[in-house]
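Each chain, written out:
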Amino acid sequence: MRRALPLFAALFFLGSTALGTIFGTVRGIVHDPQHRPVSGATVTLQSKQSAFTQTFQTVDDGQFHFDAVALGSYVVTVSLAGFETARQNVTVLSGTAPILHFELHLQAQIQSVTVSADSAPAQTESITPTTLISREEIAQTPGASRTNSLAMITDYTPSAYVTHDQLHIRGGHQVSWLIDGVPIPNTNIASNLGPQIDPKDIDTVEMQRGSYSADYGDRTYGIFNVAPRTGFERNNEAELVLSAGNFYQTDDQLNFGGHTNRFAYYASVNGNRTNLGLAPPTSAVIHDAANGFGGFTSLIYNLDSADQLRLVAQVRRDFYQVPFDPNNPNTQGQFLHDANRENDSFVTFSWVRTLSPGLLLTVSPFFHFNSADYRSSPLDLPSSATEDRSSKYEGGQATLAWVKDRNNLRAGFYGFAQQDHQLFGVIFNDGSQPNLSPPDVENPVGSLVSVYLEDQFRATSWFTVNAGIRQTHFSGGVVEDATSPRVGASVRIPKLNWVFRGFYGHFYQAPPLDTVSGPLIQFVNQQNLGFVPLHGERDEEHQFGVTIPLRGWTLDADNFLTRAKNFFDHNNLNNSDVFFPITIQGARINGWELTLRSPRIRNRGQVYLTYSNQLALGFGDINGGLTNFSFGNGFKLLDHDQRNTLHIGGNYTLPWHSYASTDIYYASGFTNGDPTIPGDHLQPHTTFDLTLGKEFGEKFSVSVSGINVANRRVLLDNSFTFGGTHFLNPREIFVQIRYHFHY
């Protein structure tokens, strides 16, 4: 802890740079029909999802500038007496600075005529393949709004899927969650289930995959940047969400929020339970209950036109029974009452300061606590294992972003101190080995500090270059330094507005603080295992892609290749559900990805498609963590390799204030871990999800959802992972009621 306090203090009081932000900049210029700049025009930026607005008066050169614009969809309106009102839609991604051009036309008649235009898709402003999902899409996507659902990610993000109850993207575990642009650090490998934030508390989520700029850290496989609900979408309103379905499931929430001109608030409390919590190891569902509860709040206060304060906090607790197969000859007669308990709490505070037009400073201290405790029945055979793990992170970041002329320059500092507590015990009820009793206790500590510099330079209106560098220092079980250069470019084809992009970069992912010493190392050696200190994963990524807009449709395709050294994975101890992180000597993951999004079709429906074709290979020995060095030489399929993953879905507005939404999922099958089953992959499978909803006035809405409507049951994963092997979840049907009211 002595190491943590000085670092935390330094981060808290640091008034210069670091980033990970939900903010972008919207700028542009207003001309008259003779292309002369128009001064004094009123420019209004209006969120499509809330009452948030900003206004600006154009200056002598006709320019306008909005800073600290949170990610999302907006309408920009330009008005001036004697001219027709003009509007453009714009989508803001974090760290971008789109430039809009307005040409005002003289009024032809007394009444105002609105001239509207859609801006180019947001992807043209970024070399990072990105998907932006709103709270309306989350609410309508089948099952996506449930507290522990990851459907908002897996349905809309290529190469994203859940196997052995863990989210994987592009063949890896390591992902980053950001709230209000502030990272929520978690160096542990796949120890928690479900999303970091309840989907019902999300206003917009920005999902990035690869080609990250230097200000977005090093979690190679996926970054989820969440703009939470703030209260700007409310006016002293509350919402009660109640649901009930088969497997005795319910997922409920009460949220409320409101705003004044300077202050906005949002808060929620939630609870859930089900008898189908984890993917079962057989077609039967036995000992698989789960429950949880939590609370969330977001506060925004505008001190003046230049200063804003933002606070986000969450507490969460979850409990999972671990299911089992009663017909497994290795487990018959056992007292299989294993359970996993998880806790997660965080608080972030941000001071956002607009120093001048285009110059933005953000300072954000944070705290995060996370734990996952595993308990076995003391009578289990051949052994009963117990593991408690908790981590505390204290740190902060500061941000300086400068948008000027052709440059979008960002510089930064980010860091945290970490303290872990680890308890591990095992009892051999079959007498085969000496017990590890009393349990072994470890309290490792560590820290991470990163600085970076990134610039996006618009050489011309059709050619943009991105270049950045990130320097990281990690201190824990090992001390490591990493220099991560990154460079990318995009070329826009005039008139067609097709955008081609390419990227090359390096990433460093800090290792967990897990360590083995004293009685525990002696016990491990008795199992013919060893423990090698964990080093950080170092990744090299190549990526290229194209974005094609056509009549409101947007098609995005990309190809990526990731070469990893010290690839993070996990391994179990003595055929138990207790896992230690490991590193594999190397990995090679490559693939093609495709997304397709439609506009509103006849103002009634919208469709989407995501597809990936990828190959995830590991190479060499297990060179870190708990190991018997058995992986061997040569390339072998990682246990979460899936060659083809496809989602097709959409929503459609029906008569009588009702709607339908659906998702069709095809998967070609994960790696086959059983040599007695022919083929290198398990069988393919297809599932169908459907939601039907209806509004009853302004206060009530009801929806009925079916997940895996056809009740397709196949073996999903037979590698020995958390809970054993896994079958596809059976059909779930549930009803959700939403009630809005003022207070």
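Residues numbered from 1 in each chain as written. Predicted model: local features only at pLDDT ≥ 70, side-chain atom pairs only at ≥ 80, totals over all residues. Heavy atoms only, no water.

1. Considering the overall build of the chain
Helix and strand content of the chain: 4 helices and 42 strands. Taking 27 Å as the expected radius of gyration for a compact globule of 743 residues, we find that the chain reaches 26 Å, a close match to that expectation. C-alpha extents for the chain along the principal axes are approximately 95 × 55 × 50 Å. Buried residues in the chain amount to 58% of all 743 residues. Here the analysis covers contacts within the chain between residues at least 6 apart in sequence; of these, 67% occur between residues at least 24 apart. Side chains of the chain give 50 positive and 67 negative charges; the mean places of these two sets differ by 6 Å. (Helix = DSSP H or I, 4+ residues; strand = E, 2+ residues; numbered from the N terminus. Rg over C-alpha atoms; globule rule 2.2 N^0.38 Å. Buried < 20%, exposed > 50% of the residue type's maximum accessible area, 1.4 Å probe, protein only. Contact = heavy atoms within 4.5 Å. Lys, Arg positive; Asp, Glu negative; His and termini not counted. Charge placed at Lys NZ, Arg CZ, Asp CG, Glu CD.)

2. Observations regarding the pairing of strand β19 (residues 290-302)
Bridge analysis of strand β18 (residues 263-274) against β19 gives 12 bridges, and the strand direction is antiparallel. Residue Ser268 lies in a different strand from β19, and its bridge partner there is Phe296. Where β19 lies against strand β20 (residues 307-321), 13 bridges are found, and the strand directions are antiparallel. Looking at the pairing, Gly294 lines up with Arg316 of β20. (Pairing = 2+ DSSP bridges.)

3. What to know about a nonpolar patch on the surface
On the surface, Leu240, Leu242, Leu254, Phe256, Val269, Phe696, Phe700, Val704, Ile733, Val735, Ile737 and Tyr743 cluster together into a nonpolar patch covering about 990 Å² of accessible area. Within the residue set of the nonpolar patch, elements represented by two or more residues are β16 (237-245), β17 (250-259), β39 (700-707) and β42 (732-742). Broken down by element, the nonpolar patch gets its largest block of residues, 3 residues, from β42. Residue placement: Leu240 occurs in strand β16. (Patch = residues over 30% accessible without salt bridge, like charges linked within 9 Å, V, L, I, M, F, W, Y side chains within 5 Å. Areas by Shrake-Rupley, 256 points an atom, 1.4 Å probe, with all protein chains shown as cover. Salt bridge = Lys/Arg side-chain N within 4 Å of Asp/Glu carboxyl O.)

4. Regarding the sheet that holds strand β9 (residues 130-134)
Taking strand neighbours across the sheet as the criterion, the 5 strands line up as β9-β14-β15-β12-β13 in an open arrangement whose pairing is mixed. On the outer flanks of this sheet lie β9 and β13 (182-183), each paired with one strand and no other. Note: strand β12 (residues 176-179) against strand β15 (residues 223-228), 4 bridges, orientation parallel. Of the residues in β15, the one forming a bridge with Leu178 is Asn225.

5. Side note on the confidence of the model for the chain
A low pLDDT means the predicted coordinates there should not be read in detail. Overall, the predicted model of the chain reaches an average pLDDT of 86, with 91% of residues at or above 70. Low confidence marks residues 1-20, where pLDDT is under 50. Its contacts with residues over four positions away, or in another chain, come to 59 contacts. Considering only residues more than four positions removed or in separate chains, one finds that residues 109-122, a stretch of pLDDT under 50, has 25 contacts. (pLDDT = per-residue confidence, 0-100.)

6. A short note on the side chain of His647
Here His647 is to be found in strand β36 (residues 644-654). Exposure remark for His647: the relative accessible area of 4% places this residue in the buried category. A distance of 3.1 Å separates a polar side-chain atom of His647 from the backbone oxygen of Thr154. With near-sequence residues (within four places) excluded, His647 lies in contact with Thr154, Asp155, Tyr608, Leu609, Thr610, Asp663, Ile664 and Tyr665. (Polar contact = N/O pair within 3.5 Å; in protein donor to acceptor, adjacent residues only side chain to side chain.)

7. So, the nonpolar core
Met152, Ile153, Trp177, Ile179, Ile197, Val205 and Phe224 are the most contacted members of the largest nonpolar core, which totals 26 residues. Those elements that provide at least two residues to this core are α3 (151-154), β11 (166-169), β12, β14 (202-208) and β15. Excluding residues within four positions of it along the chain, Phe224 makes contact with Ile153, Leu167, Ile169, Val175, Ser176, Trp177, Leu178, Val205, Glu206 and Met207. (Core = buried A, V, L, I, M, F, W, Y, C linked by side-chain atoms within 4.5 Å.)

8. Considering the pattern of salt bridges
Going through the model one piece at a time under the given rule, you end up with 23 salt bridges. Taking the shortest distance from any N to any O, the salt bridge between Glu239 and Arg229 comes out at 4.0 Å. Separated by 10 residues along the polypeptide, Glu239 in strand β16 and Arg229 in the loop between β15 and β16 bring together distant segments of the chain. There is no split in this pair, since Glu239 and Arg229 are both buried. Overlapping salt bridges, with partners in common, bring together Arg170, Arg209, Arg501, Glu541, Asp556, Asp558 and Glu593 in one network.

9. Overview of helix α4 (residues 518-526)
Turning to α4, its buried residues number three or more, namely Leu520, Phe523 and Val524. Along the axis of α4, the buried residues cluster in a sector spanning 100 degrees; they form a single face. Each element contacted by the buried residues of α4 is listed here: β24 (407-428), β25 (436-442), β30 (530-532) and β34 (605-627). Directly after α4, the chain includes Asn528, whose backbone phi takes a positive value near 60 degrees. (Arc of directions from axis to C-beta.)

10. Examining the side chain of Gln308
The residue Gln308 is located in strand β20 in this model. Within polar-contact distance, the side chain of Gln308 engages the side chain of Asn302 at 2.9 Å. In this structure the side chain of Gln308 is engaged in a polar contact, spanning 2.7 Å, whose partner is the side chain of Arg310.

11. Quick look at the sheet that holds strand β1 (residues 23-31)
Pairing is mixed across the open sheet formed by 3 strands, whose spatial order is β4-β1-β7. Among the strands making up the open sheet, the edge pair consists of β4 (63-70) and β7 (99-103). The average undirected angle you get between the axes of adjacent strands in this sheet is 20 degrees. One ladder, built from 6 bridges, connects β1 with β4; its direction is antiparallel. Paired with Ile29 across the two strands is Gln63, which belongs to β4. (Axes fitted to C-alpha atoms, helices over the stretch in contact; angles between N-to-C directions.)

12. Examining the pairing of strand β37 (residues 658-667)
Counting buried positions along β37 gives 7 out of 10 residues, so the element sits mostly inside the fold. Pairing of β36 with β37 involves 10 bridges; the strand directions are antiparallel. Within β37, the residue paired with Asn651 across the bridge is Ser661. The antiparallel hairpin formed by β36 and β37 contains 3 residues in its connecting segment, where Trp656 sits at a positive phi of about 60 degrees. Strand direction decides the pairing type here: β37 and strand β38 (residues 685-696), joined by 10 bridges, are antiparallel. Bridge pairing in β38 links Asp663 to Asp689.

13. Focus on the packing of aromatic side chains
Per the counting criterion, the structure on display carries 20 aromatic pairs. Relative to Phe66, the ring of Phe64 lies with its centre 6.0 Å away and its plane at 55 degrees, an arrangement referred to as tilted. By relative accessible area, Phe64 is classed as buried at 2%. Above the face of the Phe560 ring, Arg170 is positioned so that its terminal group lies 3.9 Å from the ring centre. (Phe/Tyr/Trp six-rings, centres within 6.5 Å; stacked < 30°, edge-to-face > 60°. Lys NZ or Arg CZ within 6 Å of the ring centre and 35° of its normal.)

14. A look at unusual backbone geometry
Positive phi, normally seen in glycine, also occurs at Asn566, with a value near 60 degrees. As for its placement among the helices and strands, Asn566 is situated in strand β32 (residues 553-572). Using a relative accessible area of 10% as the deciding quantity, one classes Asn566 as buried. The backbone of Trp656 sits at a positive phi, close to 60 degrees, despite the residue not being glycine. By the element assignment, Trp656 lies in the loop between β36 and β37.

15. Digging into the environment of Asn443
With respect to the secondary-structure elements, Asn443 resides in the loop between β25 and β26 (445-458). Polar contacts involving the side chain of Asn443 include one to the side chain of His421, which spans 2.9 Å.

16. Focus: the environment of Phe23
With respect to the secondary-structure elements, Phe23 resides in strand β1. For the pair Phe23 and Pro129, spaced 106 residues apart in the sequence, the C-alpha separation amounts to 17 Å. Filtering out sequence-adjacent residues up to four positions away, Phe23 remains in contact with Ala68, Val69, Ala70, Leu93, Ser94, Gly95, Gln308, Arg310, Val352, Leu360 and Thr362.

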